[in-house]
Amino acid sequence: MKTHKHTTNYKNTFIEVAEDCPVSIAEIPPIKRNKTLANMQYELISENPYQFTSDEIMLHCYILKNNIPKNEREQVKKDFFSKGQACFRSSALAKRYGFGIHNNSEKKVAIFPVESENYKILLEDETLTKIKAMRSKREK
């Protein structure tokens, strides 16, 4: 697979929930009138753990959210990765809904509720790089 100029992929990394995450037990993002980016990310990752890289998930959700027709997707993919994209550190899954995001050695992604045993195990795994999700509010 060809690598892109800009990537959101991490390898052997655990993205912890944000310091100011408002929940101590993970919540499935509620579906409002339209699916949010968090809904799309949650569905794709929870139904397919360790099947997709962050880049694949971000692109897939972008295509869905913007209703991109099949015949335009190849060009959209080139355009999408020609500039930097927000990574999972800025995802509402880790900032608001209480899910840690694990990127394995193949850069594939799975999510774990903050209260789960797996979350604790990943947090204590010394072979992983740990980074916190971005805070929702600026520090004063």
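Everything in this summary refers to the structure shown in the same document. (Residues numbered from 1 in each chain as written. Predicted model: local features only at pLDDT ≥ 70, side-chain atom pairs only at ≥ 80, totals over all residues. Heavy atoms only, no water.)

Some thoughts on the side chain of Asn 103
Okay, step 1: Note on placement: Asn 103 falls in strand β2 (residues 99-103).
Okay, step 2: Once residues lying within four places of it in the same chain are set aside, the contact partners of Asn 103 are Tyr 10, Lys 11, Asn 12, Thr 13, Ile 15, Lys 108 and Val 109. (Helix = DSSP H or I, 4+ residues; strand = E, 2+ residues; numbered from the N terminus. Contact = heavy atoms within 4.5 Å.)

Considering the packing of aromatic side chains
Okay, step 1: Under the counting rule described, the total for this entry stands at 4 aromatic pairs.
Okay, step 2: Aromatic pair Phe 14 and Tyr 119: ring centres 4.9 Å apart, planes at 70°, arrangement edge-to-face. Taken as a pair, Phe 14 in strand β1 (residues 13-16) and Tyr 119 in helix α5 (residues 117-124) lie far apart in primary sequence, 105 residues in all. Neither residue differs from the other here; Phe 14 and Tyr 119 are each classed as buried.
Okay, step 3: Counting every residue linked through ring pairs, the aromatic cluster contains Tyr 62, Phe 80 and Phe 81. (Phe/Tyr/Trp six-rings, centres within 6.5 Å; stacked < 30°, edge-to-face > 60°. Buried < 20%, exposed > 50% of the residue type's maximum accessible area, 1.4 Å probe, protein only.)

Some points on the packing of helix α1 (residues 37-47) against helix α2 (residues 54-65)
Okay, step 1: Orientation of α1 relative to α2, taken along the N-to-C sense of each, is 130°, at an axis distance of 10 Å. Regarding the angle of α1 to α2, the classification is oblique. The handedness of the crossing between α1 and α2 is right-handed. Residues Leu 37, Met 40, Gln 41, Leu 44 and Ile 45 of α1 form the contact with α2, whose own contacting residues are Ile 57, Met 58, His 60, Cys 61, Leu 64 and Lys 65.
Okay, step 2: Residues of the contact of α1 with α2, tallied by class, amount to 8 nonpolar, 2 polar and 1 charged. (Axes fitted to C-alpha atoms, helices over the stretch in contact; angles between N-to-C directions. Parallel < 35°, antiparallel > 145°, perpendicular 65-115°, else oblique. Left-handed = near helix turned anticlockwise from the far one by under 90°. Nonpolar A, V, L, I, M, F, W, Y, C, P; charged D, E, K, R; others polar.)

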